[in-house]
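Each chain is listed here by its residues.
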Amino acid sequence: MPTLFTPVENLNLYCRFCKKITAMQLDRSIAEAGKTVDKKSTFEFCCSKCLKTVCFNGNDLMAVDDIPEDTREYSPKEHFFLGEEIFHKKFKEKGVVVGNESGNSNRILVQFEKAGVVKLIQDL
Ligand SMILES: [Zn+2]
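Sheet architecture is open: 5 strands sit in the order 5-6-7-8-9, paired in mixed fashion. The sheet is open, and its two edges are formed by strand 5 (72-73) and strand 9 (116-121), each paired on a single side. Pairing of strand 7 (residues 93-101) with strand 8 (residues 104-112) involves 6 bridges; the strand directions are antiparallel. Paired with Asn100 across the two strands is Ile108, which belongs to strand 8.

The structure is reproduced here in structure tokens:
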């Protein structure tokens, strides 16, 4: 039986329509339609600026009851979640995962304060 999965509902994510980071909210209609949602499900987030829908895979989302306590150090071998705060040794600063490249889940977009939005490899 698939494990039920409830992702974090409100995230600041990169909107490919607005081409910037915006507040996004999970569209709950999938779960409310009585469907079983698990890590393999596709979740739709609505951009608060352009109101367009951006899809994300459950594998890339944090569960509400599974938010990491510590900031993980970036390593291309690890898998990171949208909204997760990570530390990058080279940039010597913390950043937040704000998106992934469409069609290529091995690339994540991370927003750093000084370095800006940087594309990084994951799941190597
Ligand atoms: Zn947008």
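This is not the end of the story, as more comes after the structure.
When the domains of the protein are assigned, the result is domain 1 (10-60) and domain 2 (72-121). The centre of domain 1, based on its C-alpha atoms, is set 19 Å off from the matching centre of domain 2. Counting residues at the interface gives 9 residues for domain 1, matched by 10 residues for domain 2. Of all the secondary-structure elements, those providing two or more residues to the side of domain 1 that touches domain 2 are strand 1 (10-15) and strand 4 (53-57). Per-element accounting of the side of domain 1 that touches domain 2 gives the leading share, 4 residues, to strand 1. In the side of domain 1 that touches domain 2, the residues fall into 5 nonpolar, 2 polar and 2 charged.

Bringing the environment of Glu93 into the picture now. Relative to the assigned elements, Glu93 resides in strand 7. Assessed through the 12 C-beta atoms surrounding it within 10 Å, Glu93 is described here as exposed. Considered as a pair, Glu93 and Asp27 are 66 residues apart in the sequence and their alpha carbons are 32 Å apart. Apart from residues no more than four positions distant in its own chain, Glu93 is found in contact with His88, Phe112, Glu113, Lys114 and Ala115.

The rules behind these values
By convention here, each chain's residues receive numbers from 1 onward along its written sequence. pLDDT decides what is reported in this predicted model: residues at 70 or higher carry local features, side-chain atom pairs at 80 or more are listed and counted, and totals for whole chains, interfaces and linings draw on all residues regardless. Strand pairing is assigned whenever DSSP identifies at least 2 bridges connecting the two strands. In this description a helix means any DSSP run of H or I spanning at least four residues, a strand means any run of E spanning at least two, and both kinds are numbered starting from the N terminus. By convention here, the domain bounds are inherited from an automatic or database domain assignment. What counts as a contact here is a pair of residues whose C-beta atoms, placed from the backbone, lie within 7 Å. All residues other than Ala, Val, Leu, Ile, Met, Phe, Trp, Tyr, Cys, Pro, Asp, Glu, Lys and Arg, Gly among them, are scored as polar; the first ten of these are nonpolar and the last four charged. To sort residues by burial, count the other C-beta atoms lying within 10 Å of each one's C-beta; a count of 20 or more means buried, 12 or fewer means exposed, and anything in between means partly exposed. C-beta atoms are built from the backbone.

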